[in-house]
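Chain residues, written in single-letter form:
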Amino acid sequence: MILINIGSNLDSKKGNRLFNLNKTLELIKLENIKIKKISSIYETPSYPNKKNPKFLNIGLEIRCSCSPQNLIKKFNKVEKKLQRTRGIKNQPRTCDIDLIDFDGKKFNSKKLTIPHPKAHLRNFVLYPIKEIHPTWIHPILNKRIDFLIKKLSFKLRNEITKIKEHVTINQ
């Protein structure tokens, strides 16, 4: 099971944050990645600077036959097609794709750490994962997702909103 998170808090030249999420799914499929499950869309303040535009995030369960390193290369290619620019850490972006879990593997290099090192601290990662995989257990912490959500601060548990819009994909 491969779990990823996609976020957007900037409009692109072609559309708004919701458009960016839909376009990201379309481009991921073109990379021979099978999308198995998609969460609802969640909106959260931008971290760490809440003055930046709010994020829309979704969680996905995907399947692919490539290595985690090659998967990240595919994600970088998709982000670039959506005009993501890399510069200042945590700056607003049209597209952000994070690899959260890759079959429970543990890996750490300069370019990639799995599971994602901050996944257990982020409401915008945990709530979508709980929706698509409610029995997920963090591969390093060995804790269930419900436990991780309960460990979030009251503020983090309350500043996330499931919105009524949905992303769509054609399989």
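Cut-off values and rules
- Residues numbered from 1 in each chain as written.
- Predicted model: local features only at pLDDT ≥ 70, side-chain atom pairs only at ≥ 80, totals over all residues.
- Heavy atoms only, no water.
- Helix = DSSP H or I, 4+ residues; strand = E, 2+ residues; numbered from the N terminus.
- Buried < 20%, exposed > 50% of the residue type's maximum accessible area, 1.4 Å probe, protein only.
- Polar contact = N/O pair within 3.5 Å; in protein donor to acceptor, adjacent residues only side chain to side chain.
- Contact = heavy atoms within 4.5 Å.
- Core = buried A, V, L, I, M, F, W, Y, C linked by side-chain atoms within 4.5 Å.

Draft legend 1. Molecular detail of the side chain of N5. Looking at where N5 falls in the secondary structure, it is placed in strand β1 (residues 2–8). When its relative accessible area of 3% is taken as the criterion, N5 is described as buried. A distance of 2.8 Å separates a polar atom in the side chain of N5 from the backbone oxygen of F124. Contact partners of N5, with chain neighbours within four places excluded, come to N57, I58, G59, D96, I97, D98, I100, F124, V125 and P128.

Draft legend 2. Region of interest: helix α3 (residues 123–132). Within α3, 8 of the 10 residues are buried, which leaves it mostly tucked inside the rest of the structure. Buried within α3 are the following residues: N123, F124, V125, L126, Y127, P128, I129 and I132.

Draft legend 3. Here's a closer look at the nonpolar core. One finds I4, I6, I62, L71, F75 and L99 to be the most contacted residues of the largest nonpolar core, which totals 29 residues. Sorting the residues of this core by element identifies β1, α1 (17–30), β4 (55–63), α2 (68–81) and β5 (96–102) as the ones contributing at least two each. Once residues within four sequence positions are removed from consideration, F75 is found in contact with I4, I33, I62, I97 and L99. L3, L126, L156 and I160 belong to the second largest nonpolar core, which has 17 residues in total.

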